[in-house]
Amino acid sequence: MKTAFEFGQAYAEFMVNSNQVPAGEPVNVDEMVTSSQDIPDGDYTEMKRAGITNPNAREYWAGYNSYMEENK
């Protein structure tokens, strides 16, 4: 089963490949976790469908940043 971390990595890859954000630019995890939409709706829904009962926003954004760090 795909984890919240892996969903975050996939989201970062999508954002870079669709030229919505430049590669290598991580986000502030604390800001993202406390925002009104801590996980993008589509990913939250997909995580629930994949069997993740309580999607973890901190883990999700750590995955996002992991992808960004690897692709500087």
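So, a few notes on the structure that sits alongside this text. Model, not experiment: these values are computed from the prediction. (Residues numbered from 1 in each chain as written. Predicted model: local features only at pLDDT ≥ 70, side-chain atom pairs only at ≥ 80, totals over all residues. Heavy atoms only, no water.)

In this section: the overall build of the protein. The helix and strand inventory of the protein stands at four helices and zero strands. N-terminal to C-terminal, the α/β element order of the protein is α-α-α-α. Its C-alpha atoms give the protein a radius of gyration of 11 Å, near enough to 11 Å, the size a compact globule of 72 residues would have. In terms of overall dimensions, the protein has C-alpha extents of about 30 × 25 × 15 Å along its principal axes. The buried share among the 72 residues of the protein stands at 32%. Counting contacts in the protein only where the partners sit at least 6 residues apart, residues at least 24 apart contribute 77% of the total. Split by element, the accessible area of the protein, about 4400 Å² in all, is 46% carbon and sulfur. (Helix = DSSP H or I, 4+ residues; strand = E, 2+ residues; numbered from the N terminus. Rg over C-alpha atoms; globule rule 2.2 N^0.38 Å. Buried < 20%, exposed > 50% of the residue type's maximum accessible area, 1.4 Å probe, protein only. Contact = heavy atoms within 4.5 Å. Areas by Shrake-Rupley, 256 points an atom, 1.4 Å probe, with all protein chains shown as cover.)

Now for the environment of glutamine 20. One can find glutamine 20 in the loop between helix 1 (4-17) and helix 2 (29-33). Along the sequence, glutamine 20 and glutamate 70 sit 50 residues apart, while their C-alpha atoms lie 18 Å from each other. Apart from residues lying up to four places away in sequence, glutamine 20 is in contact with Phe14 and Met15. In this structure the side chain of glutamine 20 is engaged in a polar contact, spanning 2.9 Å, whose partner is the side chain of serine 18. (Polar contact = N/O pair within 3.5 Å; in protein donor to acceptor, adjacent residues only side chain to side chain.)

The next point concerns helix 1. For an α-helix, the turn length of 3.6 residues means that residues three or four places apart are oriented alike. Counted at 1.5 Å a residue, the expected span for helix 1 with its 14 residues is 20 Å, and the 20 Å between its end C-alpha atoms agrees. Listed in full, the buried residues belonging to helix 1 are Ala4, Phe7, Gly8, Ala12, Met15 and Val16. In the core, the buried residues of helix 1 are packed alongside helix 3 (41-49) and helix 4 (57-70). Positioned one or two residues after helix 1, asparagine 19 has a phi angle of 55 degrees, which is positive. (Expected span 1.5 Å × (residues − 1).)

Of all hydrophobic cores here, the largest spans 15 residues; its most connected members are Met47, Tyr60, Trp61, Tyr64 and Met68. A per-element tally of this core places helix 4 first, with six residues. When neighbours within four sequence positions are excluded, tryptophan 61 is seen to be in contact with Tyr11, Val27, Val29, Met32, Asp38 and Pro40. (Core = buried A, V, L, I, M, F, W, Y, C linked by side-chain atoms within 4.5 Å.)

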